[in-house]
Structures are given as structure tokens and as C-alpha cells.
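Read off the chains here:
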Amino acid sequence: MARLRLSWFPHASWLALRRRYHRRRAKPDSALVHFLDTPVADIDADWRQGEYLVLDFETTGLDPRQDRLLSVGWVVMRGPTIDLSTAHHEVINPRIGIPEQSAVIHCITDDAAAEGLPERVALEQVLEALTGRVLVAHNARFEIAFLNAACRRQFGAGLAIPVIDTLQLARQGFERRHLHHGPGELRLDALRGRYHLPRYHAHHALIDALATAELHSALCQDRVSPTGRLAVRNLLSVL
């Protein structure tokens, strides 16, 4: 399959069409309707002027059709700067049992999850934070799949947003330098080590969001010269 190059792909038009499609299917007066009625971020701006919501989910499993959101963490970036005052974390009540093999990874128990936010409330917070911003995630396909599944459950439709995937940015960096790389070298902790970033404890949504934000800043600064221009459009992934 040919790879789409977003330098020429009419991403703003595609986003507008997808947003109208989801808008028609969303439950009236829902948080999703208000989100879809708000203009998207300017994807033709230089990345240093862009605003980003760096997001991470922990889930009960890997299948968005059956599994549920369990926690969410995010932080806002303005260009290369991480605004730590915006760091936010919530546990989400999945209303299903948490498999033991999942709890071992993220250390969220059934008792802790039972005290979490209802999924709808958590999604309303995410949509408010995401309004007018570009979503950034590592292996963003996973986050988008779960976010869309949750929005369909709660609001009747998915969402169309500009997305930057730091895994894809890193892969493109390897390819530009003609460097061989295995799947393990694209893991978040491995890439952070490559850029001499500190090692953090994994599988906590906010910590992983902060780790992704630092990696995003490093990847973008590695990709463009200090005086060069890099449009947000050229960082986007088609998911």
C-alpha cells in the first residue's frame, strides 16, 4: 500500500469531511457535538506555534471492541515547551472486571477503579482539553481506537482530529538516515534512551504522557534546524 505524504495530502479538507460525518451521527447537545463544532488547530502553522495535547490511556486489555478505558493522563505542549501546570490524571471506572494480567501491568485494582470517574465524564474532560489542539501519542493508533470506541458508546459517534504519532515520527527518522531498526527500538523507553532522556516508570498514564511529550519535543527539534520551518501538517499521521 502506498504511503500518503501529508505535505500534499489535503488533510484539512479530509478532517472537515470526517467531522461533518461524525457530527451528523453524534447525540444532540453532547460534548462530542460541541467538540466537533469547534474549529481544528491550524495545521499549516509552524510546529513551534502549535498547541498539543499529549495523551495516554491505560486500559483493561488490548481490544477496543471489548476492553475499556481504565485511566487517562495528559499534558499540554506549546511548541517545544511542556506546560506542567496542565498535567492531569484520572482513573476511570470501566464497569467491567479488570483481568489479573492487566492489573499486574498498570497496578490499578478493581477497588481503585470502582472509585474512578464514569467514562462519560472522563471523555468530556478529554474533549474539553483537546479542543483546538493536536493530539500527540506514542503508537497513537491504540489511543485513537480506544478513544473512538468510547465516544461511540457514550456519544453515538467517533471523532476526527489531527494526530501526531511519535512512533511514526521516530520510524521516519530512522528511514531518513537509512538506519536499520527492529520493533523494539521504537518502544517509548528505547527511543527516550536514544535521545538521552531519563528513564521513567512505565504504564502510568500521566507518566507515559509526560515521557511522550519530552520525546515529541526531541524528535521535532531533531527534524528541523533552529532557523528552519516545520509545519504541523508534516508531522501528522493518517490513522
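Residues numbered from 1 in each chain as written. Predicted model: local features only at pLDDT ≥ 70, side-chain atom pairs only at ≥ 80, totals over all residues. Heavy atoms only, no water.

Trainee: How should I be thinking about the packing of aromatic side chains in this particular structure?
Mentor: Describing an aromatic ring pair means giving the distance of the ring centres and the angle of the ring planes. This model, assessed by the stated rule, comprises one aromatic pair. An angle of 45° between the planes, with centres 4.8 Å apart, marks the rings of Phe142 and Phe146 as tilted. Within this pair, Phe142 and its partner Phe146 are both found in helix α6 (residues 140–155), separated by four residues, close to a single helical turn. On the basis of relative accessible area, Phe146 is assigned to the buried category, the value being 1%. The ring of Phe35 has Arg19 sitting right over it, with the charged end atom 5.1 Å from the ring centre. Stacked on the ring of Tyr200, the Lys or Arg Arg192 has its end atom at 4.4 Å from the ring centre. (Phe/Tyr/Trp six-rings, centres within 6.5 Å; stacked < 30°, edge-to-face > 60°. Helix = DSSP H or I, 4+ residues; strand = E, 2+ residues; numbered from the N terminus. Buried < 20%, exposed > 50% of the residue type's maximum accessible area, 1.4 Å probe, protein only. Lys NZ or Arg CZ within 6 Å of the ring centre and 35° of its normal.)

Trainee: When you look at the sheet that holds strand β1 (residues 51–59) in this model, what are you seeing that I'm missing?
Mentor: The pairing of strands in a sheet comes from backbone hydrogen bonds and takes either a parallel or an antiparallel form. If you walk across this open sheet you meet the five strands as β3-β2-β1-β4-β5, and the pairing is mixed. Edge positions in the sheet fall to β3 (81–91) and β5 (163–165), since each has one partner strand and no second. For this sheet the average axis-to-axis angle between neighbouring strands, irrespective of direction, equals 25°. Packed onto the sheet, helix α5 (residues 119–130) meets β1, β2 (69–78), β3 and β4 (134–137) and runs at close to 15° relative to β2. Sheet contacts for helix α7 (residues 166–176): β4 and β5; angle to β5, the most-contacted strand, approximately 55°. (Pairing = 2+ DSSP bridges. Axes fitted to C-alpha atoms, helices over the stretch in contact; angles between N-to-C directions. Contact = heavy atoms within 4.5 Å.)

Trainee: Even after reading the chapter, I still don't get the pattern of salt bridges, so can you show me in this structure?
Mentor: It is possible for side chains of opposite charge to pair when their charged atoms get near one another. Enumeration over the complete set of coordinates arrives at 12 salt bridges. Between Asp44 and Arg233 there is a salt bridge; the shortest N-O distance is 2.9 Å. One end of the pair, Asp44, is in the loop between α2 (31–36) and β1; the other, Arg233, is in the segment after α9 (205–223), with 189 residues separating them in the sequence. A relative accessible area of 41% means that Asp44 is categorised as partly exposed. The shortest N-O distance in the salt bridge between Asp46 and Arg48 comes to 3.1 Å. The exposure class assigned to Arg48 is partly exposed, which follows from its relative accessible area of 28%. (Salt bridge = Lys/Arg side-chain N within 4 Å of Asp/Glu carboxyl O.)

Trainee: What exactly am I supposed to notice about the pairing of β3 here?
Mentor: Every other side chain in a regular strand lies on the same face of the sheet, so the side chains alternate between the two faces. Examined bridge by bridge, β2 and β3 share seven bridges and lie antiparallel to one another. The partner of Trp74 across the bridge, within β3, is His88.

Trainee: Whenever I open this one, the confidence of the model for the protein confuses me. Can you help?
Mentor: In regions of low pLDDT, the predicted coordinates are not meant to be interpreted in detail. When pLDDT is averaged along the protein, the result is 92, and 95% of the positions lie at 70 or above. Per-residue pLDDT stays below 50 along residues 1–10; that stretch engages in 14 contacts with residues further than four places along the chain or on separate chains. (pLDDT = per-residue confidence, 0-100.)

Trainee: When you look at the packing of α7 against α9 in this model, what are you seeing that I'm missing?
Mentor: Helix-helix packing is described using two parameters, namely the angle between the two axes and the distance between the axes. Look at α7 against α9: their axes get within 10 Å of each other, and the N-to-C directions meet at 30°. The handedness of the crossing between α7 and α9 comes out as left-handed. In this structure, α7 contributes Thr166, Leu169, Ala170, Gln172 and Arg176 to the contact, and α9 contributes Thr212, Leu215, His216, Leu219 and Arg223. (Left-handed = near helix turned anticlockwise from the far one by under 90°.)

Trainee: Can you walk me through the side chain of Arg133 in this structure?
Mentor: Summarising the element assignment, Arg133 is placed in the loop between α5 and β4. Here the side chain of Arg133 touches Ala129 through a polar contact of 2.8 Å, landing on its backbone oxygen. For Arg133, the contacting residues outside a window of four places in its chain are Ala41, Glu51, Tyr52, Leu53, Val76, Arg78 and Pro162. (Polar contact = N/O pair within 3.5 Å; in protein donor to acceptor, adjacent residues only side chain to side chain.)

Trainee: Quick question: what am I supposed to make of the packing of α5 against α6 here?
Mentor: Two elements in contact, α5 and α6, have axes whose closest approach is 10 Å; the angle formed by their N-to-C orientations is 120°. Relative to α6, α5 is oriented oblique. Judged by the sense of rotation from one axis to the other, the crossing of α5 with α6 is left-handed. Of the residues in α6, those touching α5 at Glu119, Arg120, Leu123, Glu124, Val126 and Leu127 are Leu147, Ala150, Cys151, Arg153, Gln154 and Phe155. For the contact of α5 with α6, a count of residues per class yields seven nonpolar, one polar and four charged. (Parallel < 35°, antiparallel > 145°, perpendicular 65-115°, else oblique. Nonpolar A, V, L, I, M, F, W, Y, C, P; charged D, E, K, R; others polar.)

Trainee: In this structure, what is going on with a positive patch on the surface? I would like to understand it.
Mentor: Together, Arg18, Arg20, Arg24, Arg25 and Arg152 line one region of the surface with positive charge. The biggest single contributor to the positive patch is helix α1 (residues 11–25), with four residues. If you trace the backbone, Arg24 turns up in helix α1. Among the residues examined, Arg24 registers a relative accessible area of 61% and is labelled exposed. (Patch = residues over 30% accessible without salt bridge, like charges linked within 9 Å, V, L, I, M, F, W, Y side chains within 5 Å. Areas by Shrake-Rupley, 256 points an atom, 1.4 Å probe, with all protein chains shown as cover. Lys, Arg positive; Asp, Glu negative; His and termini not counted. Charge placed at Lys NZ, Arg CZ, Asp CG, Glu CD.)

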